[in-house]
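Here is how the chains run, residue by residue.
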Amino acid sequence: MITIMSALIEVLRPIAGAERWIDAGGLLFRVGDPVFSVFLVERGEAALERVTDRGHRLILQRARAGDVLAEPSIFAERYHCDGVALTPSLIRSAPVAVVCRALEADPLAMSVLARHLAREAQAARLRSELLSLRRLADRLDGWLALNDGMLPPKGRWSTIAADLGVTPEALYRELSRRR
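As a starting point, this report considers the structure included with it. (Residues numbered from 1 in each chain as written. Predicted model: local features only at pLDDT ≥ 70, side-chain atom pairs only at ≥ 80, totals over all residues. Heavy atoms only, no water.)

### Focus: helix α6 (residues 168–178)
For α6, the full list of buried residues reads A170, L171, E174 and L175. Along the axis of α6, the buried positions cluster into a sector of 135 degrees, meaning they face one direction only. (Buried < 20%, exposed > 50% of the residue type's maximum accessible area, 1.4 Å probe, protein only. Helix = DSSP H or I, 4+ residues; strand = E, 2+ residues; numbered from the N terminus. Arc of directions from axis to C-beta.)

### Concerning the packing of aromatic side chains
Scanning the model with the defined rule gives two aromatic pairs in all. On the basis of an interplanar angle of 25 degrees and a centroid distance of 5.6 Å, the ring pair of F29 and F39 is categorised as stacked. A residue pair is termed long-range when its members are at least 10 positions apart, and F29 in strand β2 (residues 27–29) and F39 in strand β3 (residues 37–43) qualify at ten residues. The two residues F29 and F39 agree in class, both being buried. For the pair F29 and Y79, a centre-to-centre distance of 3.6 Å together with 15 degrees between the ring planes defines the contact as stacked. Residue F29 is found in strand β2, and its partner Y79 is found in the loop between β6 (67–69) and β7 (82–85); the two are separated by 50 residues along the sequence. You can call F29 buried: its relative accessible area is 4%. Here the aromatic residues F29, F39 and Y79 are joined through ring pairs into a cluster of three or more. (Phe/Tyr/Trp six-rings, centres within 6.5 Å; stacked < 30°, edge-to-face > 60°.)

### Examining the nonpolar core
In this structure, L12, L28, F29, F39 and L69 are the most contacted members of the largest nonpolar core, which totals 30 residues. If you list the elements that add at least two residues to this core, you get α1 (2–12), β2, β3, β4 (45–51), β6, β8 (89–95), α2 (96–105) and α3 (107–132). The element contributing the most residues to this core is β3, with four residues. Of all hydrophobic cores here, the second largest spans 13 residues; its members include W157, L164, V166 and L175. (Core = buried A, V, L, I, M, F, W, Y, C linked by side-chain atoms within 4.5 Å.)

Bear in mind that shape data such as this cannot, by itself, settle questions of function.
And the structure:
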């Protein structure tokens, strides 16, 4: 996946605009906004997220330094979720119209994007499978298996809760039970 992501970044980087810093919690776009850009995360971490009917944050995509955020939006009219900086992040935006012209002019670039989107679909299916598990303990076991058994630093555990579709408090209770 890293090779495909690197190739996609190399396609998008030359057409991306100026860099800008976004504070943690800062919005890149909101659900329903018209799609104008795709975002390259140069530093930090950003996510596509939705808030459930019960008010829980649910992370649909997590993009770290060297990743692209909201790339399926290249083919959409409106964003389907919120784009949020999870940490202070250095972001570059690539205008969708320019990205589309570059992809149409370069079949190899289009192939790189297609392979990348296929991998993202596979990852989304894995996340969906995790969310379908009834017990939080099972979800957490699956998350840990997908992340080499490693938790992020303690101050970032709430992002795991968002990945698993539970409250941070429920996750903290489960982690406490495991000690």
